[in-house]
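Geometric and topological summary
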Amino acid sequence: MKKTQRHTDGAPRKTDAVRAWMKKPPVRRTLKVVSAVFKCLLTIILIGTITASIVGCVMVVYVVGSFRSDAGIPDLDNISLNETSIVYIKDPETGEFKEHQRLEGTKAIWTDMEDIPLHMQHAVIAIEDKRFYDHYGVDWKRTVSAFANLVLHFSSQEYGGSTITQQLIKVLTKEDDHKIERKITEILRAIEMERNYYTKDEILEAYLNVLPLSSNVVGVGAAANYYFGKDAKDLSLAECALIAGITQNPSKYNPYTHPENIRQRQRLVLLNMYEQGFITEDEYKQAYGEELVFKSSIRNVGVQDYYADLLIQDVIDDLMEKYGYSENYATNMVYFGGLRIESAEVLSQQEKVESIYANDANFPAPLKNDKENPQGAILIMDYDGRVVATAGGRGEKTANRIANRATQSVRQPGSSMKPIGVYGPAIEMNKIHYSSLFEDAPITYDGIKWPPNYSNTDGNKAWTFRDYTVVDALQRSLNTVPAQIITGQLGLKTSFDFAVNKFHLSTLVTSRQVPVAGGYNTVTDLTPSGLALGGLTDGVKCIDMAAAYQTFGNGGVYNKPYTYYTVKRGDEVLLENTPTGEQAISENTAYVMNRLLQNVVYGANGTGKRAAFGDWQIFAKTGTTDKNNDVYFAGGTPYFVGASWFGYDHNQEMNDSQTGYALNLWKQCMQALHEGLEHKNFDKKGTTVERTYCTLTGQLANSGCPGTAVGVYKPENVPGNCTSHGGSPLNSSGGSQQPPDDPTTTVPEETTTTTSAAGTTTTTEAPTTTTQPTTTSAPTTTTTRPPETTTSVKNDPQQNDPENEDE
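Let me begin by describing the structure that accompanies this report. (Residues numbered from 1 in each chain as written. Predicted model: local features only at pLDDT ≥ 70, side-chain atom pairs only at ≥ 80, totals over all residues. Heavy atoms only, no water.)

This next bit is on the overall build of the protein chain. Secondary structure assignment for the protein chain yields 22 helices and 26 strands. Considering the protein chain as a whole, with its 807 residues, one finds that 51% of them fall into the buried category. Residue pairs at least 24 apart in sequence account for 70% of intrachain contacts in the protein chain once pairs closer than 6 positions are excluded. (Helix = DSSP H or I, 4+ residues; strand = E, 2+ residues; numbered from the N terminus. Buried < 20%, exposed > 50% of the residue type's maximum accessible area, 1.4 Å probe, protein only. Contact = heavy atoms within 4.5 Å.)

Within this structure, the stated rule accounts for 27 aromatic pairs. Ring-pair connections join several aromatic residues into one group, and the members of that group are Tyr226, Tyr227, Phe228, Tyr256 and Phe294. When the ring centre of Tyr306 is taken as origin, the NZ or CZ atom of Lys397, which lies over that ring, is 5.3 Å away. Sitting over the ring of Tyr639, Lys680 keeps its end group 4.2 Å from the ring centre. (Phe/Tyr/Trp six-rings, centres within 6.5 Å; stacked < 30°, edge-to-face > 60°. Lys NZ or Arg CZ within 6 Å of the ring centre and 35° of its normal.)

A separate point is the sheet that holds strand β14 (residues 572-576). Pairing within the open sheet is mixed, and its five strands lie in the order β2-β1-β3-β13-β14. The open sheet has two edge strands, β2 (97-102) and β14, and neither has a second partner. Direction aside, the axes of adjacent strands within the sheet are offset by 25° on average. Where strand β1 (residues 86-90) lies against strand β3 (residues 340-343), three bridges are found, and the strand directions are parallel. (Pairing = 2+ DSSP bridges. Axes fitted to C-alpha atoms, helices over the stretch in contact; angles between N-to-C directions.)

Their axes nearest at 11 Å, the elements helix α3 (residues 118-128) and helix α7 (residues 200-210) cross at an angle of 90°. By the angle between their directions, the pair α3 and α7 is classed as roughly perpendicular. For the pair α3 and α7, the contacting residues are Gln121, Val124, Ile125 and Glu128 in the first and Leu204, Tyr207 and Leu208 in the second. In the contact of α3 with α7, the residues fall into five nonpolar, one polar and one charged. (Parallel < 35°, antiparallel > 145°, perpendicular 65-115°, else oblique. Nonpolar A, V, L, I, M, F, W, Y, C, P; charged D, E, K, R; others polar.)

What follows concerns the sheet that holds strand β17 (residues 630-636). Spatial strand order, β5-β4-β18-β17-β16: five strands in an open sheet with antiparallel pairing. Looking at which strands have only one partner, the edges of the open sheet turn out to be β5 (387-391) and β16 (619-624). On average, each strand axis in the sheet is inclined to that of its neighbour by 5°, with strand direction left out of account. Across the sheet, helix α12 (residues 306-323) touches β4 (375-382) and β5, and the angle it forms with β5 is around 110°. Helix α14 (residues 347-358) contacts β4, β5 and β18 (640-647) of the sheet and is inclined by roughly 20° relative to β5.

Okay, the packing of helix α9 (residues 237-246) against helix α10 (residues 259-275) next. Close contact between α9 and α10 brings their axes to 8 Å; oriented N to C, the two are set at 110°. When the axis of α9 is compared with that of α10, the two are roughly perpendicular. Residues Leu237, Ala238, Ala241, Leu242, Ala244, Gly245 and Ile246 of α9 form the contact with α10, whose participating residues are Ile262, Arg265, Gln266, Val269, Leu270 and Met273. Split into classes, the residues belonging to the contact of α9 with α10 amount to 10 nonpolar, two polar and one charged.

Moving on, we get to the nonpolar core. Counting residues in hydrophobic clusters, the biggest one holds 78 residues, and the most contacted among them are Met120, Leu168, Val315, Leu319 and Ile341. Counting residues per element, this core draws most heavily on α9, which supplies eight residues. Once residues within four sequence positions are removed from consideration, Val315 is found in contact with Val334, Ile341, Tyr564, Val567 and Leu575. Judged by nonpolar contacts, the second largest core, of 73 residues, contains Val387, Leu474, Leu536 and Ile543. (Core = buried A, V, L, I, M, F, W, Y, C linked by side-chain atoms within 4.5 Å.)

Let us look at the pairing of β14. Relative to β14, strand β13 (residues 564-569) runs antiparallel, the two being bridged by four bridges. Across the sheet, the residue bridging to Arg569 is Glu572, located in β14. A loop of two residues connects β13 with β14, the two strands running antiparallel in sequence, and Gly570 in this loop sits at a positive phi of about 65°.

Further remarks concern a negative patch on the surface. The grouping of Asp112, Glu114, Asp115, Asp231 and Asp234 at the surface amounts to a negative patch. Relative to the elements of secondary structure, Asp112 occurs in the loop between β2 and α3. Judged by relative accessible area, Asp112 falls into the partly exposed class, the value being 31%. (Patch = residues over 30% accessible without salt bridge, like charges linked within 9 Å, V, L, I, M, F, W, Y side chains within 5 Å. Areas by Shrake-Rupley, 256 points an atom, 1.4 Å probe, with all protein chains shown as cover. Salt bridge = Lys/Arg side-chain N within 4 Å of Asp/Glu carboxyl O. Lys, Arg positive; Asp, Glu negative; His and termini not counted. Charge placed at Lys NZ, Arg CZ, Asp CG, Glu CD.)

In this model, α12 (18 residues) spans 26 Å end to end at C-alpha, consistent with the 26 Å of a helix rising 1.5 Å per residue. Among all positions in α12, only Tyr306, Tyr307, Ala308, Asp309, Leu310, Leu311, Ile312, Asp314, Val315, Ile316, Asp318 and Leu319 are buried. N-capping of α12 is provided by Asp305, with a side-chain oxygen placed 3.0 Å from the backbone N of Tyr307. Two residues or fewer past α12, Gly324 is found with a positive phi of approximately 75°. (Expected span 1.5 Å × (residues − 1). Polar contact = N/O pair within 3.5 Å; in protein donor to acceptor, adjacent residues only side chain to side chain.)

This is how it looks when you write it as C-alpha cells:
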C-alpha cells in the first residue's frame, strides 16, 4: 500500500489530491464531454469568423472595385452661391424679367462661414466629430468603436461612427439604408471628398447649413431665427451648444416640445467643448447656468399659388433628370442654390383661374350624405407648351407645395379618351374619314354584346341599330362606333402606340401584376374598353390630357408643357425650355379632328353645347365614367387648350346635378382668360378639302340625296359619290368645296315625335336650309363654326338628351 507523499512538514500535497480526483471515472468522462463541446464551439466560431472575414473582404473588394471616384460626390458649390434662389417673371408692360419670389423662405437660410460663430462651429465638432481636423473623412477609431458597441453593447449611450463629412454626404444624397455596401461607399466618398475636392472649412460650412434641426428647420441660420429670434452671428455660447445638441435627434431634443431633454443634451455639449479645450472653465460655468428664452422671429411667408408649386417641382424634376441628382439634393439646390429661375407665369392669368376655384359658389352644394366635398382641378396651356394656369383643388390654397390634382391625380377620362385612342389615330391612318358610316350596334367581345351606350334602371343599352356618320357618332358620344373602329380597323397596338408615344399619356399601363386572392392577375390598358372608352387601369392626368388635345388646335404638333424659360446659376444656363415641336399627327388629321370636335360643342346633338361662349371657336370632348365617379372636359380655343376634372377624392358616385361641373369650371376659366383678347379663329393648316356629303350614306352627295352636310377631308381619303340616291353630283369632279358665301346644311323632310304633358304629338317638317356664319382668311375660306351635321334618323332615343352618355 502506497503512502501519500507529504511536505517536509508532514502535510499531504494538494496537487496530489486534485490528480486523484480527476482520475475518478465520472470526472474523466465529464472532462472529455466538456473538452469536446469546447473544441466544437471553438471550431464553429473560427469557421464563422473566417467566413465573415472572407465575405467582408469580398464585399469590400467589390465595392472598392466598382467605386468611381467622381460618383456621388456632392457639388457643394451648387448650394453655397447665395442665400436664396430667386424666381423672376416677365413684366407685362416692358417684357423684361423682374424679381417675383425668393424661394429661401424662412426655414432654410444660408449662412456664410464668417457669419457662423466660432462657438457654433466648435460645438458641432465637439459633439459630432471631435477628431474632425485630424482625419481624412473617416474616423477609424470611432467607426470601429461604434461597430463594437453595436455588437457587444458595452455602452448604453447613443453611439455613432459617422464623421461630419459622412453625415454631409448622407444628408445631401439622401442615401441612408443600413446595407454594408452603402456604408463602404459612404466611407470611400468621404475620403475622396476630403482628399481631392473640398477643404475642412468648406465641408463644415456646408454641413452647418444643411443639417436638419427639426422637421422643417434646416441649418444653423434658420435655427437661430426659429429658436432664439436672432441671426446666427448673434448667438451666445449657450445657444450655440443647444442648437448643436438638437441635430442627433431633432424630435427628441426639440426645445419647444422637450425642453428638459435638450437642456441635458446642451450641457453635455458644453462639457465636451470644455474637455476638448474649445472653451475655458469660466465660459463653461457661465453657459451652463445661462437662462435660455425660446422665441421665433420667423415670419409666415405668403402662400404661393399652384403655378409656383408646379414650377418648383418642374425645376427639381428636371435637375434630377439632367444631372442625376437625388431628389433631396435637387430640392436643396432649388431652395438655396443661388438659382435664377425665369418663370413662364403670367400672374393675372393664374389669379383669374385660381380665384374661380377658390370661390365655393362655383361648386355644387354638398349632398346629404357627403363625407367630403367634391373636388375639381384644371390645367390650361397655350399651343407652344407654356402652362398658362392651373388649379389643383377646390377652395382657398392654404399651404405651399400641396397636392395638385391637375398634375398629380390619376383619374378616369371616360369618353374624352376617344379622340386620342380612336378617332385621331384612325383618321391619321386613313382608316376612317369625317363621314364614314357605322351602325349603332354592339360588337361581341369576350362572348358578350358590348358596349352599351348608356345604362338605366330597366337595363336598356340604347342601341338604335341605325347608321351614324363619324361626326354624328362623336358629337353624340356613342360608344359602339369607337369600339367597332378600334377592333375592326385600327387595332389595339396602334391605338396604344399613338396614346403613349404620340400623345404622350404617361400613366397608361402596358402590363402589371396585381395581387388577388390566391395569386396574381395581369392588368393592361391594351383593351378596347381602356383605349376606346377611357376605362383605364389607373387613368390619366389633366396635364397630359391638355398636352394631348393641343395637337387638335395647332396643326398636330405636340409640345411638352413647361413652366419656366431658363434656370441659371450665375452666367451658366443649367436648364432651358423651348417648344419641343414634335409632329404627333399630320396637319390634315389635326384640322379634320378640330372640325369634328367643334361639332361636339356646336352640333345639334353635341354633348358639349354648354361650353360655347361669345363668338369663339371651341373644340372639345366630354368624358364621364359609367358610375359617375369621374367627369372630364378637355378642349381648346384659338388661344388656349385645357383639361378639367371633377369628382370626389375617394371615388364617391356623383348624381346628375354634379356631372356638369367639369365643363362649367372649364368654361368659366376660359371666359376669364379671354377677356380683352383680340378675336381670332383657328388657323387652317394643311391641304384638307371641304365636300358636301349625304348624311344617310356618308358618301359625296348628289342632288337627289335627302339630307346633306359639309365635311372636311384629307385629300387622299375623300369618299366616293353616293350610290344610293340619284341626281347630279353636288361636288365637281375636281372636288371643289361648297361655295363659301352659302355654306348650308339641307335637312330632309322627317317625322319628329315629341312627348309633353299634353300628350304625344307627331309633326312632319318640310326640308329646311340653315345658313352658318362664315369668316374669310386667305387663301382658304372656312366657317367660323362647323356646319351642324343633321341626319334623317327618326325617333332617336338620344335626340332629346345629348349629354346622356355612358363612357
